[in-house]
Amino acid sequence: MIVLTIIIGCLIGVIIGVNAPIISYTYSSYLAIAIIAALDSVLGAINSYLNNKFDMKIFLSGFFGNAILAILLTYLGKKLNIDINLAVIVILVGRMFNNLGSIRRYYMKKF
């Protein structure tokens, strides 16, 4: 069920993305950091689902909470003229690779 939901969400995202207007350069860094945070949450949810620990409330709070926190840190970094968003990207991408590694190990053991 969760895989079907993820596939439907991705298809909706692609359809909206193709028909959406182009984001200006001013907001592109905020959108990029929010997408990375959302992908981190999705990979974490898949990992939790495979380990039978998935909880929709935790996923939704993490999905929106991580995205909002990442956007706020990017905003703060722009105001302070410091690249805080690079630190956020390093942390989130590191977590994404950890989750992807766990997912990969799960399927390697299964097959």
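These notes cover the structure that comes with them. (Residues numbered from 1 in each chain as written. Predicted model: local features only at pLDDT ≥ 70, side-chain atom pairs only at ≥ 80, totals over all residues. Heavy atoms only, no water.)

With that settled, consider the nonpolar core. Counting twelve residues, the largest nonpolar core is built from Ile33, Ala34, Ile36, Ala37, Leu43, Leu50, Ala67, Ala70, Val88, Leu92, Met96 and Ile103. Of the residues forming this core, the biggest block, six residues, is contributed by helix H2 (residues 25-50). Aside from chain neighbours lying at most four places away, what touches Ala37 is Asn66, Ala67, Ala70 and Leu92. (Core = buried A, V, L, I, M, F, W, Y, C linked by side-chain atoms within 4.5 Å. Buried < 20%, exposed > 50% of the residue type's maximum accessible area, 1.4 Å probe, protein only. Helix = DSSP H or I, 4+ residues; strand = E, 2+ residues; numbered from the N terminus. Contact = heavy atoms within 4.5 Å.)

A few words now on a nonpolar patch on the surface. There is a patch of nonpolar side chains on the surface, built from Met1, Leu4, Ile8, Ile12 and Ile16 and spanning about 550 Å² of accessible area. One can find Ile16 in helix H1 (residues 2-19). For Ile16, a relative accessible area of 54% corresponds to the exposed category. (Patch = residues over 30% accessible without salt bridge, like charges linked within 9 Å, V, L, I, M, F, W, Y side chains within 5 Å. Areas by Shrake-Rupley, 256 points an atom, 1.4 Å probe, with all protein chains shown as cover. Salt bridge = Lys/Arg side-chain N within 4 Å of Asp/Glu carboxyl O.)

Under the 1.5 Å per step criterion, the end-to-end length of helix H4 (residues 84-110) is 39 Å for 27 residues, consistent within 8% with the ideal 39 Å. Within H4, the full set of buried residues consists of Asn85, Val88, Leu92, Met96, Asn99, Gly101 and Ile103. Check the buried side of H4 and you find it contacts H2 and helix H3 (56-80). (Expected span 1.5 Å × (residues − 1).)

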